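Chain residues, written in single-letter form:
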Amino acid sequence: MEYLIAGLSDLRVIEIGSSAAASYCARLFADFGADVRKVEPPTGDPLRGSAPVTPEGQSAWFAFLNFNKSSLILDAADADASTRLSNLIDDCDVLIDGRDIDSAGCAAIDIAAIRKRCPGLIYVEASWFGQQGPYADFAATDSTVRALAGLLKLVGAVEGPPMHAPDFQTGILAGLWGFIAAASSVVSRMRGEPGRSWSVSIFESSLSLSEYLMFEASAQGDVMRRIGINRFWPNFPTGIYETKKGRIGVSAITPTQWHSFCDMLGLSELRSDPALASNEARLKHMEQIEREFMPRLRTRTAQEWFAEGLKRKIPIVPVPEISDLLQDGEKKERGAIVPILLGAEKGLTAGSMQRLTLTPPRRGGRVPAPGERQDPPDTRRCQSDTVPTSSRGLDASRLPLQGIRVVDFSMGWAGPLCTRTLADLGADVIKIEAIQYPDWWRGVDRRPGYAEHRMYEVASCFCIMNRNKRGITLDLTRQQGLALAKRLVAGADVAIDNYSVDVLPKLGLGYDVLSEINPRLVVMSMSAFGTKSIRRNCRAYGSTLEQGSGLPSVIGSAGGPPMMSHIAFGDAVGGLNGCAAVLLALIHARNTGQGQFIDLAQIECMVPFAAPWITMHSISGMPPERYGNRHPQFVPHGCFRCAGEDNWIVITATDEHMWQRLAVLIGRPDWARDTSLASPEARRAIEDEIEKDIEAWALTRDPDRALSDLQELRIAAGVARLPIDLLKDRHLRSRSFLQEIDRAFIGLHPQPSMPIREGSRPYLIRTAAPTLGQHNTEILSGLLGLSAAEVVQLERDGIIGTTMLSEGELAEKVSSNS
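Residues numbered from 1 in each chain as written. Predicted model: local features only at pLDDT ≥ 70, side-chain atom pairs only at ≥ 80, totals over all residues. Heavy atoms only, no water.

Moving on: the overall build of the chain. On a plain count of helices and strands, the chain comes out with 33 helices and 24 strands. By principal-axis analysis of the C-alpha atoms, the chain measures approximately 85 × 65 × 50 Å. Of all 818 residues assigned to the chain, the portion counted as buried reaches 63%. Taking contacts inside the chain between residues at least 6 apart in sequence as the whole, the part at least 24 apart equals 77%. (Helix = DSSP H or I, 4+ residues; strand = E, 2+ residues; numbered from the N terminus. Buried < 20%, exposed > 50% of the residue type's maximum accessible area, 1.4 Å probe, protein only. Contact = heavy atoms within 4.5 Å.)

Quick look at the structure:
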């Protein structure tokens, strides 16, 4: 295979230990040309044995995490093993450490001594829960962590149990965060600063998906419950439904979308019923509404409904099976699905979703055999140009992205999460809204009272996604506003939007225009499907992205419907992938002075979560097996009812010794002594009986007591928490994860920290989210040099302002402008 020279070809990365998070972080470096060397014991990384496995016995999960790396075998029993490993690390730029998850027989090394010798070294350490706190020593798996993170309890049938996917999620989320930490450090190192040392909590990384619901619960109270398969608070309908052929994902959230959905189905009574006007109201009548529209959906095929929904601007998408993904030529053409070699087997897996157009990622590659060396596409070394020989005299408190300016045109969740992360890391993010059309996460209510009382300033979701930013208002539909936006872009490093693909180009802010104004500018479009996709005009929410990703088809029980896992899974995932993409492009821009366009398709960012099934189906041709709450590798593995109302705990045994301890704890010492049950394959034959006895034990205990008893014996377990429970989580509190910050209109309120930190405490949240137009004068006068009189005139003309226009004021303004 031949590749273009990628943007990280001057970096050398060493990966140690065995952790999906560490492996995915390192794989992102390999995707963009870095020389990544994976250190393994003679028996190989334990993840090489992860199920599911191909017909030739290769792990599909390991393959996704590790193609294009080199493997280096190092036996910790050798007398010089520690010296050899230390010497390897001395010659690298980035060390990614997964030993806290599984040391995998890694030789002992002194990280502090290495960093003292090599001040330019960037170090990233992954752990389940961080090094301090009540959960720090917990035994864990992907599913137990997601349970504790509030990601299971709201999923599944009302009567339970909560439903969850096998273990292919937290490693991707934490790997993205680890890469963001390391890549931001590469940017800061290019200024002559020393390397940085980061810790990544996999648990806290998973809260990227929970934080929206956490803080909605903080504002609205204990209102969230499991309300059925493919149903999620606070919107309805946002589910997956049968059609005449195939299934369709629907997200009719706004009043206009709900009306259009009813019109499409010929349901005028539902449309005109004032009792169903809001999402809150429709949630109270879900059964009645579904009885009306589900039979109508079965009269046409999914593709026919999709075409009709597209015309009506309804967020609607066909729900693919894994086989459909493999036949999707667009995903292959764009590199969302790429070819890999696993020994003698040829298969497909998820590629890199950071779609940089000038320095694109590698398109597939080989999974290294143990000890196999693979040459990266280019091995130029320019370490002497970027790595300080001493950290003396440098400001250790300087944030990694200080000095970077970002013009933020984004709204909602995905784009603002991307720019919030850049802001948290020190970038100067200038958020552009308009008094005519503020960020819709402030609320879409245009009634006079809502605007008059500035209720758009109290939305918790807006406040958590826009902290550490400065905010201005500009009417981009008018020449004065457009000219000011261009002046801001001229002095910026990055510009980001998550509108539909044609919005900024139609305003005169397309990449062709922006790159002429500022050739070193990085511009990212975060559309749902990509700027050139055949579905480019499809409206989408985070729910739409999950519905169209293929992931629901592998979640749930055999014979059951495809199952969604979240109200808006795709939003947070798109935001984190967008942040990683921007950092990659910034590294190239700092090296070369060249900006570039990033064509991020948020739906593609969901594909990695289905990667093992993509590989398995591409090789075997067999449809993926659905496990329900069971697991392809671990027995037992499930979600068990505890004492009390709707209390559940996830319990699993990941090895023979953990199984024996669990058997004794639940009162079955005979099972612990029975050597014929030593393997999970043998236990599979009596899995029903094992689960029955575990549930009988759990039913006698409240969930926290059960968790304590299990973790005392180092048995992997996690209570299925609600998002509201996380606001009082003892581990998060002990780690100062929730920070209190003051803001106009709402006062003190909690904010989530980043899951990456240097040292024992999180990065400080410096400022609250801006009120509408809060920094107009500061930016227009202080940054662009406008006089006070010019700023006043802009406000008189309605180009800027600090209060949202009501529906009547907006209509009047549009009429006068036309």
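Next comes the rest of the description.
Time to look at the layout of surface pockets. Its boundaries defined by the atoms lining it, the second largest pocket holds a volume of some 860 Å³. Surrounding the second largest pocket, 34 residues form its lining, Ile101, Asp102, Trp128, Ala140 and Thr654 being those nearest its centre. Residue assignment for the lining of the second largest pocket shows that the elements contributing at least two residues are α1 (20–31), α6 (170–189) and α25 (656–665). When grouped by side-chain class, the residues that make up the lining of the second largest pocket number 17 nonpolar, nine polar and eight charged. (1 Å grid on protein atoms, 1.4 Å probe; cavity = no way out; pocket = protein on both sides within 12 Å on 5 of 7 lines; lining within 4 Å. Points joined across faces, edges and corners; volume = space filled by probe spheres on them. Nonpolar A, V, L, I, M, F, W, Y, C, P; charged D, E, K, R; others polar.)

What follows covers the nonpolar core. Taken as a class, soluble globular proteins show a tendency for nonpolar side chains to be buried jointly. Phe29, Leu422 and Ile651 are the most contacted members of the largest nonpolar core, which has 202 residues in total. It is helix α23 (residues 569–592) that contributes the most residues to this core, 14 residues altogether. Ile432, Leu482, Tyr499 and Ile800 belong to the second largest nonpolar core, which has 30 residues in total. (Core = buried A, V, L, I, M, F, W, Y, C linked by side-chain atoms within 4.5 Å.)

Glancing now at the sheet that holds strand β9 (residues 316–319). Read from one edge to the other, the open sheet built from three strands follows the order β7-β8-β9, with strand pairing classed as antiparallel. Two strands bound the open sheet, and with one partner strand each, they are β7 (238–242) and β9. Within the sheet, the average angular offset between the axes of one strand and its neighbour, ignoring direction, is 25 degrees. In the packing of helix α12 (residues 302–311) onto the sheet, the strands contacted are β8 (247–251) and β9, and the crossing angle to β9 comes to about 165 degrees. (Pairing = 2+ DSSP bridges. Axes fitted to C-alpha atoms, helices over the stretch in contact; angles between N-to-C directions.)

Relative to the 16 Å expected for twelve residues at 1.5 Å per residue, helix α11 (residues 286–297) spans 16 Å between its end C-alpha atoms, a close match to the ideal helical length. Those residues of α11 that sit buried are Met286, Ile289, Glu290, Phe293 and Leu297. Looking down the long axis of α11, one finds its buried residues gathered within 95 degrees of arc, a one-sided arrangement. Where α11 is buried, its residues touch β7, β8, α8 (255–265), α9 (268–272), α10 (279–283) and α12. (Expected span 1.5 Å × (residues − 1). Arc of directions from axis to C-beta.)

Residue position: Arg298 is located in the loop between α11 and α12. Given the relative accessible area of 39%, Arg298 is considered partly exposed. On a C-alpha basis, the gap between Arg298 and Gly246 in space is 9.4 Å, while along the polypeptide they are 52 residues apart. Every residue in contact with Arg298, bar those within four places of it in the chain, is listed here: Glu242, Thr243 and Lys244.

The next point concerns helix α29 (residues 703–712). All buried positions along α29 are accounted for by Pro703, Ala706, Leu707, Asp709, Leu710 and Gln711. Buried residues belonging to α29 abut α5 (142–148), β20 (648–652), α25, α28 (687–698) and β21 (717–719). Regarding α29, its N-cap is Asp702, as a side-chain oxygen of that residue lies 3.0 Å from the backbone nitrogen of Asp704 further along. In the stretch just after α29, Arg714 is the one whose phi turns positive, near 55 degrees. (Polar contact = N/O pair within 3.5 Å; in protein donor to acceptor, adjacent residues only side chain to side chain.)

With that out of the way, let us pick up the pattern of salt bridges. If you walk through the whole model with that rule in mind, you get 57 salt bridges. Put simply, Asp97 and Arg99 hold a salt bridge, and the shortest N to O gap is 2.8 Å. Assessed through its relative accessible area of 1%, Asp97 is described here as buried. One continuous salt-bridge network, built from bridges that share partners, spans Arg12, Asp35, Arg37, Asp91, Arg373 and Asp375. (Salt bridge = Lys/Arg side-chain N within 4 Å of Asp/Glu carboxyl O.)

Let us look at the sheet that holds strand β19 (residues 637–641). Across the sheet, three strands lie side by side as β19-β20-β21; this open sheet has antiparallel pairing. Looking at which strands have only one partner, the edges of the open sheet turn out to be β19 and β21. Strand-to-strand twist across the sheet, computed as the mean angle between neighbouring axes with direction ignored, equals 20 degrees. As defined by bridge partners, β19 adjoins β20 across five bridges and the pair is classed as antiparallel. Within β20, the position partnered with His637 by the bridge is Thr652. Sitting on the sheet, α28 is in contact with β19 and β20, with an inclination near 40 degrees to β19.

The next thing to look at is the packing of aromatic side chains. Two aromatic rings are characterised by how far apart their centres lie and by the angle between their planes. Within this structure, the stated rule accounts for 22 aromatic pairs. Between the aromatic rings of Tyr24 and Phe64, the centroid separation amounts to 5.4 Å while the plane-to-plane angle is 20 degrees, which identifies the pairing as stacked. Of the two residues, Tyr24 sits in helix α1 while Phe64 sits in helix α2 (residues 60–66), which places them 40 residues apart along the sequence. You can call Phe64 buried: its relative accessible area is 0%. Over the face of the ring belonging to Trp258 we find Arg282, whose NZ or CZ atom lies 4.6 Å from the ring centre. (Phe/Tyr/Trp six-rings, centres within 6.5 Å; stacked < 30°, edge-to-face > 60°. Lys NZ or Arg CZ within 6 Å of the ring centre and 35° of its normal.)

Attention now moves to the environment of Ser19. When you line up the elements, Ser19 lands in the loop between β1 (12–17) and α1. The sequence separation of Ser19 and Ser127 amounts to 108 residues, and the corresponding C-alpha distance is 8.7 Å. Look past the residues within four positions of Ser19 in its chain and what remains in contact with it is Leu47, Gly98, Ile101 and Ala126. At 3.2 Å, the side chain of Ser19 forms a polar contact with the backbone nitrogen of Ala21.

This next bit is on the environment of Ala140. Inspection of the secondary structure assignment puts Ala140 in the loop between β5 (122–127) and α5. In the structure, Ala140 is positioned 260 residues away from Pro400 in sequence and 31 Å away in space, judged by C-alpha atoms. Those residues in contact with Ala140 that lie beyond four places of it in its chain are Trp128, Phe129, Val145 and Ala716.

Another aspect to go through is the side chain of Asn647. As for its position among the elements, Asn647 is in the loop between β19 and β20. On the basis of relative accessible area, Asn647 is assigned to the buried category, the value being 19%. A polar contact is formed between the side chain of Asn647 and the backbone oxygen of Ala643, at a distance of 2.8 Å. In contact with Asn647, not counting residues within four places along its chain, are Lys153, Phe640, Arg641, Cys642 and Pro703.

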